[in-house]
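Close look at the chain arrangement
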Amino acid sequence: MNITEFLFNILIFPGFLFLLALALGLDWLDRKLIARFQGRVGPPWYQPWADLLKLFAKEDILPAGTNVVFTSLLPLLSFASVMTALFYIPIAFRRVPSFQGDFIVIMFLLSVPSLLYFLAGWATKGVYSIIGGNRSLLQYFSYEVLFLLAISGTIITSNSWSIEGIRQAQFEQGAFILPQIFGFLLALSGLIGKLKRGPLDIPKANSEVIAGPLTEFSGKKLALWILTNELQTVAGLSLLIYCYFGNLWQMNKLSGFLIFSVLLVLMQCLLSAISAMYARLRIDQLIRLNWYLLIPLSLLHNLYLIIK
Amino acid sequence: MKKILNHLRTFIYLLPNITSVFFSKAETIKYPQEPSNYSSGFRGSVRINQQNCVGCNACVRDCPVSALQLIKVSKESFSLIHQQDLCTYCGQCQLSCKFNAIYLDNTYNQPSADRKNFRVVLLKKGKL
Amino acid sequence: MSRMVIPIGPQHPLLKEPLSFLLTLEGETVMDSSMRLGYVHRGIEKLAEQRTYVQNVVLTERICGICSHIHTTTYCQAVESLLGLEVPQRGLYIRTLMCELERIHSHLLWMGVLAKNIGLDTIFMYTWRDREIILNVMEEISGGRVSHAVNTIGGVRNDLTKDQMNMLKESLALLRKRVEELLRSIEKERSFKIRTQKVGYLSLDDIKRYCVVGPVARASGMDIDLRRDAPYAVYDQLDFEVPLMFEGDVWARSKIRVLEAVQSIHICEQIINAIPQGPVSVKAPRRVPAGEVVSRSEAPRGEVVYYVRSDGSQNPMRLKVRTPTLTNLVTLPKQLKGLQMADVSVVIAGADLCIACGDR
């Protein structure tokens, strides 16, 4: 591999620019869909790009007494961890180095931003930030568990700890979506909690804690946080697609990319419809729902898969 | 069975609503930009019928914000000045006028950056 | 667990008008709250003493943006009864029509604000879309979307034309469908109920103790409505029900407001059918005889009381306004105590505060 091809791979095609376009495109789709569900027109396609550019151009203000290095590191670290996770997830038809246990690595890298999000609330010292940070930690402890438990149903069935292994198992046994539809739905609700989307946008509930941990952030740092969240959406959705629809396409083919994109768009539609349909839950209601209903359900589901 | 279905429906109650709205036309109007059309009763700007006005001061007296000003030299020569920046376009002057002279119509003029432009001489009669 | 004091307001996304709360939190639970008012005090009562009765019609309209018509109605009623004026029936009918349209508009607006505060933006967009129908009708009739300037001492300014009546009929038919759909939504939609039920409970005793008025009182089972109990304008000739609920929580308040909107549509339809021909206003003299009068009316948020005292000159000697917001506001510290932080926005929205009314 020569140096130009290397740079092209890192920066443009499967790398930064492509992922950025994918993330912002999904963001636009989300906004547009919610707008249409509510009877509005919705933004033009370049709106997320314009928002991001505007934020990068804005002055960066932090409250007095905040540790500047620490608060600058938080969004950078979370962005970096999501990007690293995305390099292990085979977006579209790109082959990635796959090894036993890369699933765990991805799950870890995807949960790092949630922890840093909580730290961001404490680092900026605003009252709303602290409340939002506490809430995000509570949500982290409940929804991270649910997501992992629900998605591990596919690991149990395929008997493999790597994304590629789960995918290969589906070529033999058929897509997991039909036999494991409950697991899929539970994993989706876990993903909503993980991405802090409506109806589980409790840590950043606008009418309660303004913007949660991100209240005091502005400019480039806020832009990075927003970008992180959008990339997390891409990562989470493609993980779900790989784990549940893995056998629908061959690697390294244009048709594969098309099928992948269609699935991605459909999943985003589902997420948008869910966030348009429900009111935001309260944090105690969320935890009760999660620990009393959803996590026992996913445990039962896994038990059933093991016995089978 | 029907009861169970109804109960299940409460979990996705808004789904039919959002789908029907999704496939119908957006309610947003005047986007990105369209000229406004005002209703017939819209109170846009204060006008005057030159012939009817007798300078009786009724509108000036009843104006709640003192936006009208009458400069009267004699019975024949007077001038009525309208201060647009003070005016709330409530239409009280039209109601107070006994001679159908002052009225509000639905034309609308754009705001200006200069305060002087808000001072409109509605009427000038005789020698001042 | 350490306590934390967090400010809500004067500028906060959940408040649409400036009002300030200081909440003492323990974790997520509100232990104590204090309230500060007066950010939009404009001295309207004092200002009214320096203006003539005619000028005050416009001034009282500026007390509130959402219920502007009910304020002028109450004021005009007070001055008319001091003058001993008999307002023509058609004028009273138009006045009542505007009152009811305004009630629908106010309740829909409120519903949107509540839905927005609990994160159900879809309902927010839908109710505000429906509210636009009412605003268009009101603009067509009066010429203003917010400050309608319909009332004057001795009647109303605008007459209803045939075209306007037809437009009103069509709009009301559309609106009836939309409001009934909204009613079904708030009865059935699960997440809405989860967030609003058993939040901000006020018992009937609390209602009596704090003299709460309007839909908040009716949601706790207090059967008061001035339109029925002390009819003004033409309410005695109209047939309507006063909805009543006993749950006393925010959900009951929201349902009662939508039920009232349905009743208001019913009233408006009756008015269109029953409106008599004739003049809409009579001429009022400028000087008002000495005396004092109390005028009451049922605003969308509850009972509005105007006290006018005249000394025989062109200006009122004293104009006192009591708005429903101020009476409902005092229950907030009681409702907020012991709540979750997330429910604060629900409770504050549920009281339907109109700070501009309350501060005057």
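Brief notes about the interface of chain A and chain C
Contacts between the two partners involve 23 residues from chain A, matched on the other side by 29 residues from chain C. With both sides pooled, the region where chain A packs onto chain C buries about 2,200 Å², and carbon together with sulfur makes up 57% of that total. It is Q38(A), S207(A) and R282(A) that lose the most area in chain A upon contact with chain C, and together they represent 25% of the buried surface on that side. In this structure, the connection of chain A to chain C is made through 1 salt bridge.

Let's talk about the state of the cysteines
Following the criterion strictly, the structure yields 0 disulfides over all chains and no others. Lacking any disulfide linkage, C76(C) is separated from the closest cysteine sulfur, that of C99(C), by 11 Å.

Some words on the sheet that holds strand β2 (residues 68-72) of chain B
Residue and element names in this part refer to chain B. Pairing is antiparallel in the open sheet, where 3 strands are placed in the order β2-β3-β5. This sheet does not close on itself; its edge strands, each paired only once, are β2 and β5 (119-125). Ignoring which end each strand starts from, the neighbouring axes of this sheet average 15° apart. With 5 bridges connecting them, β2 and strand β3 (residues 78-83) associate as antiparallel partners. When the bridges of β3 are listed, L68 appears paired with H82.

Description of the sheet that holds strand β2 (residues 20-26) of chain C
Here we have 3 strands laid out as an open sheet, ordered β1-β2-β3 (chain C), and antiparallel in their pairing. Across the chains shown, the open sheet's two edge strands, defined by having one partner strand only, are β1 (3-8) and β3 (29-36) of chain C. The average undirected angle you get between the axes of adjacent strands in this sheet is 20°. Bridge count between β1(C) and β2(C): 6 bridges; the pairing is antiparallel. Bridging across to β2(C), R3(C) finds its partner in E26(C). Along the sheet, helix α6 (residues 127-158) of chain A makes contact with β1 and β2 of chain C, crossing β1(C) at roughly 115°.

Points about the pattern of salt bridges
Residues and elements named next belong to chain C. The final tally for this structure, using the stated rule, is 38 salt bridges over all chains. We note a salt bridge from R103 to E100, for which the minimum N-O separation is 3.3 Å. Placement of the pair is R103 and E100 together in helix α4 (residues 89-117), with a separation of 3 residues, close to one helical turn. As far as burial versus exposure is concerned, R103 and E100 are alike and both buried. Ionic pairing is found between K116 and D121, a salt bridge with its closest N-O pair at 3.5 Å. Through salt bridges with shared partners, one network takes in E100, R103, R218, D225, R227, E260 and E298.

Procedures and definitions
- Residues numbered from 1 in each chain as written.
- Chains lettered and ligands numbered in written order.
- Predicted model: local features only at pLDDT ≥ 70, side-chain atom pairs only at ≥ 80, totals over all residues.
- Heavy atoms only, no water.
- Contact = heavy atoms within 4.5 Å.
- Buried area = accessible area lost by both parts, 1.4 Å probe.
- Salt bridge = Lys/Arg side-chain N within 4 Å of Asp/Glu carboxyl O.
- Disulfide = S-S within 2.5 Å.
- Pairing = 2+ DSSP bridges.
- Helix = DSSP H or I, 4+ residues; strand = E, 2+ residues; numbered from the N terminus.
- Axes fitted to C-alpha atoms, helices over the stretch in contact; angles between N-to-C directions.
- Buried < 20%, exposed > 50% of the residue type's maximum accessible area, 1.4 Å probe, protein only.

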